[in-house]
There are 2 protein chains.
Amino acid sequence: MVTIKQVAEKANVSTATVSRVINGNYPVSEKVKNKVIETIKELGYRPNSIARSLKCNKTYMVGMVVPDISNNYFMDIARGVESVISPLGYSLIFCSTDENTDKELRLLNALNDKRVDYVLLASSTQEDHKLQKFINQGMNIIMIDTSLENLQTDSVVEDNYNATYKLISYVIDQGHKRIGAVNGLLSVSTAKERYNGFCKALEDHDISLEQSYIVNGAYNRKKSYEEVKLMIQRNMNKLPTVLFAANNDMAEGAMIALKEMNLKIPDDISLVSFGDINLAELIEPRLTIISQNAVLIGQKAGELMLKKVSGNSENNITKVTIPSEIIIRNSVKSI
Amino acid sequence: MVTIKQVAEKANVSTATVSRVINGNYPVSEKVKNKVIETIKELGYRPNSIARSLKCNKTYMVGMVVPDISNNYFMDIARGVESVISPLGYSLIFCSTDENTDKELRLLNALNDKRVDYVLLASSTQEDHKLQKFINQGMNIIMIDTSLENLQTDSVVEDNYNATYKLISYVIDQGHKRIGAVNGLLSVSTAKERYNGFCKALEDHDISLEQSYIVNGAYNRKKSYEEVKLMIQRNMNKLPTVLFAANNDMAEGAMIALKEMNLKIPDDISLVSFGDINLAELIEPRLTIISQNAVLIGQKAGELMLKKVSGNSENNITKVTIPSEIIIRNSVKSI
DNA sequence: GTGAAAGCGCTAACAA
DNA sequence: TTGTTAGCGCTTTCAC
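Residues numbered from 1 in each chain as written. Chains lettered and ligands numbered in written order. Predicted model: local features only at pLDDT ≥ 70, side-chain atom pairs only at ≥ 80, totals over all residues. Heavy atoms only, no water.

Chain A goes by LacI family DNA-binding transcriptional regulator in an unreviewed UniProt entry, where it is assigned to Vallitalea guaymasensis.

Below, the structure written as structure tokens:
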């Protein structure tokens, strides 16, 4: 690999001058500049980012930590982020925690060692003090999707509570009284907020919460599939009339379970979901859902990061909440 | 951020000694070692990877360049790679080219500047000489999914030609004679190979190739949707009896188009695909496909990379071909 | 407008 | 077994 020194020697200038030409931050005479540029081309020289990073304390790398790399929702967020930051020369390092707190912490350490400029974190831990440590060490973190109450940091999240409240209220308006839920990991803020919105909607409409209808799908398609099956089996004599899945993966798991048990949606049981399933266009019935704008979340997070690193922002904490809207299709029966 | 120097001062040793303790590559007395370890903990010291990288010429970063970050197929490959390399301390940098040669080249340059240890490249360009330049510069590249004939580099690919040949032969055995195809970008090796297998199967069974049934879906769901619609419209009086989609995305696009035009699979038209669609469990009819093992491709690529960087491999070029199998379900009508 | 030189944080000869 | 030191490739201050 050719270095700045080689360029300098060949062009008969100092390394400082070459550096100035590359960065264009100090005056260089036209003549010298041209010569240097020519030499750079001739030698095919490209500056070593590692050396630059060491010197300038800036890596142009952003760590993105999510619970599940195979969930389209997070991939969409990633695309949103990438579209915003990549034009400014930033690269994304992707990490998947598999919803494991230890792994999450290990990954954050690794990213810290790598001196990434920023971390976008969809956390699945509730150990805010451990995250706080990273922040205290000077790590820049923006929480995405999830947030932790006691954590002093920027975040871009959805309006989980209100959106769920509205969706469940709609379901109740359709006459449903036996309402089940497939929850995500309640240790994660999104799952908790969604469930809270769910419960509040029931309460406000004087519908009783039937514990036997509530299952823990752990934000996991397979788990949801299994738990929904068990739930249906144990409630065969009195099934819920509608099910709320707290995310897309779990909605898919639930659909597969219902299909296997020959329960038709919405005739035998209705289903609604927070977030849209894959290939929604092809699957009957079309699900009534809360539509998430994952790409937008990514973009907002990217923009926020850019603003922060450019210093064009007051030092206060920014909390962005993306509104979600309900899309009514035909998976809820009117009773 | 605390540095090795601060640790050394506080522990009353030289930075060299601290380095030795961290890396455990040279003898250090128990006493000194313990003291250093203690100081490291006390100060919360963590080595700066950037500085290490500069010194050691090793970044523990792997660039992964794919045409489309939102396609599950590539995400699965990524998961496979990650599962293999992450335990050894490597991180993945993800890049999406959007099937754009310029962007691909730009990304490769950026990764080169970042001195990533390896690049896993699913290329969508055919400019092998430009890629060759990177290799000549000393960049380590493993081609995944795609490959370029004239390029001297390792690769992990599928058996596109033979798998397609078998699938189309099966379709012909079911009595089909009017056979259409939704091709990927024929500039990409996978698309070309699949189409070649397609053509050869027709030829060997004396079936004529009807150009009007062949469309270019550009490996793109939307394009496939549009092109299939047009193709159906212009062949209304004599439709193909079966369609072959060269990847999952395009199969989805084709399904949506057929559904919109009220053509039932397989009654009105049969459909087969290279690679499985999303949420296959829920979609009727179940598609007859060539099953791809994307995670396995990723793992193989990861393992190959690890072997190469450890030097435990002869310097020759390794070409891994993953066999694909046909999964017969019920999207092909027997005629 | 240009060059010399220090230094970012680390590792690895070499010396002791 | 330990310390001294050079140097990885770059940027930037300071002098000229």
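In this numbering, the UniProt entry assigns the feature "domain: HTH lacI-type" (unreviewed entry) to residues 2–56 of chain A. Taken as a whole, residues 2–56 of chain A contains 71% helix and 0% strand, while its terminal C-alpha atoms sit 20 Å from one another. (UniProt positions renumbered as here; feature names shortened; annotations may be inferred. Helix = DSSP H or I, 4+ residues; strand = E, 2+ residues; numbered from the N terminus.)

This paragraph deals with the relation of the copies chain A and chain B. Laying chain A over chain B is done by rotating through 180° and shifting 0.0 Å along the axis; what remains is an RMSD of 0.0 Å. Within this description, the copies of the chain are treated as partners about a two-fold rotation axis. Of the C-alpha atoms belonging to chain A, the one lying closest to the rotation axis is found on I93 of chain A, 2.3 Å away. When you check the interface residues of chain A against chain B, 100% turn up at the interface there too, and the contact is symmetric in its surfaces. (Least-squares fit on C-alpha atoms with pLDDT ≥ 70 in both. Contact = heavy atoms within 4.5 Å.)

A few words now on the side chain of E158 of chain A. All names here are of chain A. Secondary-structure assignment places E158 in strand β5 (residues 154–158). Reaching out from E158, the side chain makes a polar contact with the side chain of Q292 at a distance of 2.8 Å. Leave out the neighbours within four places in its chain, and E158 touches Y73, D145, E193, R194, F274, Q292, N293, I297, T321, I322 and S324. (Polar contact = N/O pair within 3.5 Å; in protein donor to acceptor, adjacent residues only side chain to side chain.)

Here the focus is the state of the cysteines. Counted under the stated rule, the structure contains 0 disulfides over all chains. Free of any disulfide, C95 of chain A has its nearest cysteine sulfur in C95 of chain B, 14 Å distant. Judged by relative accessible area, which is 4%, C95 of chain A ranks as buried. (Disulfide = S-S within 2.5 Å. Buried < 20%, exposed > 50% of the residue type's maximum accessible area, 1.4 Å probe, protein only.)

In any sheet, the strands associate via hydrogen bonds between backbone groups, in a parallel or an antiparallel arrangement. Residues and elements named next belong to chain A. Spatially, β7-β6-β8-β9-β10-β12 is the arrangement adopted by the 6 strands of the open sheet, whose pairing is mixed. Since the sheet does not close on itself, it has two edges, and those belong to β7 (214–216) and β12 (325–327), each with one partner. Each adjacent strand pair in this sheet contributes to an overall mean axis angle of 15°, direction not counted. The sheet contact formed by strand β6 (residues 179–183) and β7 spans 3 bridges and is parallel. Among the inter-strand pairings, A181 is bridged to a residue of β7, identified as I214. Helix α11 (residues 248–260) rests against β6, β8 (242–245) and β9 (270–274) of the sheet, and its axis sits at about 160° to β9. (Pairing = 2+ DSSP bridges. Axes fitted to C-alpha atoms, helices over the stretch in contact; angles between N-to-C directions.)

Here we come to the interface of chain A and chain B. Every contact between the two is made by 44 residues of chain A and, on the other side, 44 residues of chain B. Contact between chain A and chain B buries roughly 4,400 Å² in total, counting both sides, with carbon and sulfur atoms accounting for 60%. Looking at the side of chain A facing chain B, the largest losses of area belong to R46, I50 and L282 of chain A, adding up to 15% of the total buried there. Inspection of the region where chain A meets chain B yields 6 salt bridges. As a salt-bridge pair, K259 of chain B and E284 of chain A come within 2.8 Å of each other at their nearest N and O atoms. Linking chain A to chain B there are 16 residue pairs in polar contact (both at pLDDT 80 or more). The set of elements that each furnish at least two residues to the side of chain A that touches chain B consists of α4 (49–56), α5 (72–85), β2 (91–96), α6 (101–113) and α11 of chain A. Residue composition of the side of chain A that touches chain B, by class: 20 nonpolar, 12 polar and 12 charged. Strand direction decides the pairing type here: β2 of chain A and strand β2 (residues 91–96) of chain B, joined by 3 bridges, are antiparallel. Within the sheet, the bridge partner assigned to I93 of chain A lies in β2 of chain B and is I93 of chain B. (Buried area = accessible area lost by both parts, 1.4 Å probe. Salt bridge = Lys/Arg side-chain N within 4 Å of Asp/Glu carboxyl O. Nonpolar A, V, L, I, M, F, W, Y, C, P; charged D, E, K, R; others polar.)

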